[in-house]
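Take a look at the letters that make up each chain.
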Amino acid sequence: MKPRFGITPDDQAVADAIVRFSAEELAPRAQAVDDQEISTVRYVPLLAELGVMGMNLPERWGGAEISPTALVLSLAAIAEACASTSSMIGAHFLATDSILMGGDDDLQQRYLPQAASGKKLGAFALTEPRAGSNPADMATRATRDGSCYHLSGTKHFISNAGEADFIVVFAKTDPAGGHRGISAFVVDKETPGLHISAPEKLMGIRGAHAFEMSFDCRVPESQRLGQEGTGFRTAMRILDNSRMDVAATCLGIGEAALAAAVDWAQSRQVGGEPLAAKQGIQWKLADMKMRLEAAWLLTLQACAKRQAGVAFSAESSMCKLYASEMAAFVADEALQIFGGYGYTRSLPLERYVRDARIMRIYEGSSEIQRTIIARGLLAARPT
Ligand SMILES: Cc1cc2nc3c(=O)[nH]c(=O)nc-3n(C[C@H](O)[C@H](O)[C@H](O)COP(=O)(O)OP(=O)(O)OC[C@H]3O[C@@H](n4cnc5c(N)ncnc54)[C@H](O)[C@@H]3O)c2cc1C
């Protein structure tokens, strides 16, 4: 990833360290991670040394307290080398952001310093077999039982869950309350009655494992994040942040695929000249570059708004939506430029295509992002 115009020297310095690490440590192993479905949790100690596991956290809790722009640049650099690794980190951030935004001082003290130092890994469990796009459909219950809650239900597709030390779990404390009946709890891995399956077999990001989990366990009241009924609101605020992390991963995939396509177009000879001499290929490269740059601009705009402390839900949705569609387009066009070579598993093109696919589904599908964007637009101009 080349330095970007308009980025402050401080943000660039953070990114430069991550670019070096990613090129040396992650990129050479990314193909094996994918082929053998090796969990990228193995990188956590190294990432923690660089400050990555607490990049989203304040210094008070051992975090790096970097700007949203530096965070996006860093995740994009990691994803350019290995999208599984940035996805694993994104799931950890979902959990630690939940505690930062919803937890009291005691919970923050107990979990965040260890999460920032890589001693504890987090996961975030919202989705259920019958509740994905609409969390209000969730069936997991948290029923009061003295000074504890009895947690019962099933979550699925939960990234990191099998390897995590703590999991932020969303459950209904008021089954009749719709969104307002949802509360969030921090559940420790050793909690009796918590069961986690073997990892799902995934199409892409095969080094970021996702698991089904079931609960029939007691959780102390002190593990609840905020007041009863505030879980959904907290989740939506966290997803505003995490959609920018997904956009960053898409930018990394786009950068990697475009760089590979340019190299190939310049070196592959067809009919006595490089592919890059052909106008049809130049037009593909131009469209890929334009969409990649547009995705960067939307994402950096969301960063600027987040940094300024103003509402950025729509910007976060727009950059996630656009960047995920960009990554799919750029990865697919890059594979096309490679021809049959692109279809083989000895080159990373088909991995880019597979890794990009989930980005339009998780943390709110493209359809849900369009709904959020349109809702904001229409609310701003009531008829
Ligand atoms: C690899 C992976 C990792 C994941 N990690 C996590 C995690 O760590 N934590 C977590 O909680 N979840 C996680 N998820 C779950 C993910 O966020 C959901 O899969 C996603 O939100 C979609 O939910 P669903 O699969 O239930 O699809 P559904 O909600 O059943 O939707 C199916 C289709 O219908 C569309 N649709 C739904 N509602 C509407 C509507 N109102 N208008 C138009 N179209 C609509 C959707 O866009 C989608 O295309 C992960 C999923 C995967 C595959």
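Model, not experiment: these values are computed from the prediction.

What counts as what
Residues numbered from 1 in each chain as written. Predicted model: local features only at pLDDT ≥ 70, side-chain atom pairs only at ≥ 80, totals over all residues. Helix = DSSP H or I, 4+ residues; strand = E, 2+ residues; numbered from the N terminus. Rg over C-alpha atoms; globule rule 2.2 N^0.38 Å. Near = placed C-beta within 6 Å. Domains from an automatic or database assignment. Core = buried A, V, L, I, M, F, W, Y, C linked by C-beta atoms within 7 Å. Buried ≥ 20, exposed ≤ 12 C-beta atoms within 10 Å, placed from the backbone. Contact = placed C-beta atoms within 7 Å. Axes fitted to C-alpha atoms, helices over the stretch in contact; angles between N-to-C directions. Parallel < 35°, antiparallel > 145°, perpendicular 65-115°, else oblique. Left-handed = near helix turned anticlockwise from the far one by under 90°. Nonpolar A, V, L, I, M, F, W, Y, C, P; charged D, E, K, R; others polar. Pairing = 2+ DSSP bridges.

Here we look at the overall build of the protein
Item 1. Looking only at helices and strands, the protein features twelve helices and ten strands.
Item 2. Whereas a compact globule of 383 residues would reach a radius of gyration of roughly 21 Å, the protein reaches 21 Å, a difference of no more than 12%.

Considering the site of the ligand
Item 1. Taken together, the neighbourhood of the ligand is formed by 20 residues, with L126, T127, G132, S133 and S365 sitting nearest.
Item 2. Only β1 (122-125), β3 (148-159) and α12 (366-380) provide two or more residues apiece to the shell around the ligand.
Item 3. Counting the residues that make up the shell around the ligand, at least three belong to each of domain 2 (122-228) and domain 3 (233-380).

Structural notes on the nonpolar core
Item 1. If you look at the biggest cluster of nonpolar residues, it comprises 122 residues, and the most contacted ones within it are A125, F185, C250, A295, A331 and A334.
Item 2. If we ignore the near neighbours within four places in the chain, the residues touching A334 are A257, L258, A260, A261, L349 and Y352.

What about the environment of P220?
Item 1. Relative to the elements of secondary structure, P220 occurs in strand β7 (residues 210-220).
Item 2. Taking the C-alpha atoms as reference points, P220 and H150, separated by 70 residues in sequence, lie 8.9 Å from one another.
Item 3. If near-sequence neighbours (up to four positions away) are discounted, P220 is found in contact with S147 and C148.

So, the packing of helix α4 (residues 68-81) against helix α7 (residues 231-267)
Item 1. Relative to each other, α4 and α7 sit at 45°, their axes nearing to 7 Å. If you check the angle between α4 and α7, you find them oblique. When the axes of α4 and α7 are compared, the crossing they make is right-handed. Counted together, P68, V72, L75, A76, A77, I78, A79 and E80 of α4 and M244, D245, A248, T249, L251, G252, I253, E255 and A256 of α7 form the full contact between these two elements.
Item 2. Residue classes in the contact of α4 with α7 are distributed as twelve nonpolar, two polar and three charged.

With respect to the domain arrangement of the protein
Item 1. Each assigned domain of the protein is listed here: domain 1 (9-116), domain 2 (122-228) and domain 3 (233-380).
Item 2. Relative to domain 3, the C-alpha centre of domain 1 lies at a distance of 20 Å.
Item 3. Counting residues at the interface gives 23 residues for domain 1, matched by 23 residues for domain 3.
Item 4. Elements supplying a minimum of two residues to the side of domain 1 that touches domain 3: α2 (30-36), α4 and α5 (83-102).
Item 5. Sort the elements by how many residues they give to the side of domain 1 that touches domain 3 and α5 lands first, with ten residues.
Item 6. Among the residues making up the side of domain 1 that touches domain 3, the classes are represented as twelve nonpolar, eight polar and three charged.

Considering unusual backbone geometry
Excluding glycine, residues mostly have negative phi values, and the peptide bonds linking residues are mostly trans.
Item 1. Its identity as a non-glycine residue notwithstanding, E37 has a phi of 55°, on the positive side.
Item 2. Within the secondary structure, E37 sits in the loop between α2 and α3 (44-49).

With respect to the pairing of strand β5 (residues 182-188)
Item 1. In terms of burial, β5 is a largely internal element, six of the seven residues being buried.
Item 2. Both strand β4 (residues 166-172) and β5 contribute to a ladder of seven bridges, which runs antiparallel. Considered in β5, the bridge of F170 is made with A184.
Item 3. Inspection of the sheet shows β5 paired to strand β8 (residues 224-225) by two bridges, in the antiparallel sense. Bridge pairing in β8 links F185 to R224.

Remarks on the packing of α5 against α7
Item 1. Their axes nearest at 9 Å, the elements α5 and α7 cross at an angle of 160°. Taken together, the axes of α5 and α7 are roughly antiparallel relative to one another. Of the two elements, α5 crosses α7, and the hand of that crossing is right-handed. Contact with α5, carried on its side by A83, S86, S87, G90, F93, L94, D97, S98, M101 and G102, involves T234, R237, I238, N241, S242, D245, V246, A248, T249, G252 and I253 of α7 and no other residues of that element.

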